[in-house]
Amino acid sequence: MSRAGDVAVATLETQKVEAVMIGSPATEAIPKAMARLGRKRALLMVSKSLRKDTQVVSKVQESLGAMCVGCYEGMPAHTPREAVIEAAEMARSCSADVLVTIGGGPP
């Protein structure tokens with residue numbers, strides 16, 4: 001990254017976002033998306049507050065049944081490298097073939 005005056009200049013390369021699903025309950029949308037993508041082993045990445053304060057995560061886990069192979073809730077704000085490595089290790093250890101994020105943002 002370089003600086004031009006007071007503006008940071010950088011190039012961010014990203015992969016194509018295949019789909020963003022809105023308007024359907026997660027309990028319906030996630031299993032459908034997994035089927036469409038041919039995925040069978042989901043690691044959920046959830047916010048601690050969503051897991052603790054709502055039933056959303058448990059309902060998604062229930063809707064996925066055996067297709068939910070794990071749930072990572074340790075991602076702090078700003079996605080530090082150490083937490084990303086920890087989540088990647090968890091995904092590998094449970095042989096996840098897809099990561100599903102639920103929640104995030106300010107509590």
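### Some remarks on the overall build of the chain
When its secondary structure is counted, the chain shows four helices and five strands. In the chain, the succession of helices and strands from N to C terminus is β-β-α-β-α-α-β-α-β. If you take every contact in the chain between residues at least 6 apart in sequence, the share linking residues at least 24 apart comes to 65%. Summed over all atoms, the accessible surface of the chain reaches about 7900 Å², with 54% contributed by carbon and sulfur.

### Brief notes about the environment of Gly74
Here Gly74 is to be found in the loop between strand 4 (68–72) and helix 4 (81–93). Considered as a pair, Gly74 and Val84 are ten residues apart in the sequence and their alpha carbons are 9.3 Å apart.

### Quick look at a nonpolar patch on the surface
A surface patch of nonpolar side chains, about 370 Å² in accessible area, is lined by Val17, Val20 and Ile22. Tracing the backbone shows Val20 in the loop between strand 2 (7–9) and helix 1 (26–37). The exposure class assigned to Val20 is exposed, which follows from its relative accessible area of 68%.

### Looking at the pairing of strand 4
Along strand 4, four of the five residues are buried, which leaves the element largely enclosed by surrounding structure. Where strand 3 (residues 42–46) meets strand 4, four bridges bridge the pair, whose relative direction is parallel. Bridge pairing in strand 4 links Leu44 to Cys71.

### Points about the nonpolar core
In terms of nonpolar packing, the biggest core is built from 14 residues, with Ile30, Leu44, Leu64, Val100 and Ile102 touching the most fellow members. At the level of elements, helix 1, strand 3, helix 3 (56–64), strand 4 and strand 5 (98–102) are the ones that each hand at least two residues to this core. Non-local contacts of Leu64, meaning those with residues more than four positions away in its chain, are made with Ile30, Pro31, Met34, Ala42 and Leu44.

### Brief notes about the state of the cysteines
A covalent bond bridging the sulfur atoms of two cysteines is what the word disulfide describes. Summed over the entire model, instances satisfying the criterion amount to zero disulfides. Left unpaired, Cys71 is separated from the closest cysteine sulfur, that of Cys68, by 6.3 Å. Using a relative accessible area of 15% as the deciding quantity, one classes Cys71 as buried.

### Side note on helix 3
The set of residues buried in helix 3 consists of Val57, Val60 and Leu64. One side of helix 3 carries all its buried residues, which in axial view fall inside an arc of 65°. For helix 3, exposure combined with an orientation more than 90 degrees from the buried face picks out Lys59 and Glu62. Phi for Gly65, located one or two positions after helix 3, is positive at around 55°.

Definitions and cut-offs
Counting from 1, residues in each chain are numbered in the order their sequence is written. Given that this is a predicted model, residues contribute local features only at a pLDDT of at least 70 and side-chain atom pairs are listed and counted only at 80 or more, while totals for whole chains, interfaces and linings are drawn from all residues. The side-chain figures draw on all heavy atoms in the structure; neither hydrogens nor water molecules are used. Helix numbers and strand numbers start at the N terminus; a helix is a DSSP run of H or I with at least 4 residues, a strand a run of E with at least 2. Only heavy atoms enter the contact rule, under which two residues are in contact if any of them lie within 4.5 Å. Each accessible area is a Shrake-Rupley estimate made with a 1.4 Å probe; only the visible protein chains count as cover when residues are assessed. Patches were defined on residues exceeding 30% relative accessible area and lacking a salt bridge, with like-charge contacts within 9 Å and nonpolar side-chain contacts (Val, Leu, Ile, Met, Phe, Trp, Tyr) within 5 Å. We define a salt bridge as a side-chain nitrogen of Lys or Arg found within 4 Å of a carboxyl oxygen belonging to Asp or Glu. Working definition: with a 1.4 Å probe on protein chains only, accessible area under 20% of the residue-type maximum means buried, over 50% means exposed, and in between means partly exposed. Here, a strand pair is defined by DSSP locating no fewer than two bridges between the strands. Buried Ala, Val, Leu, Ile, Met, Phe, Trp, Tyr and Cys residues form a nonpolar core when they are joined through side-chain atoms within 4.5 Å. By definition, disulfides here are pairs of cysteine sulfur atoms that lie within 2.5 Å. Here, the arc refers to the directions that run from the helix axis to the C-beta atoms.

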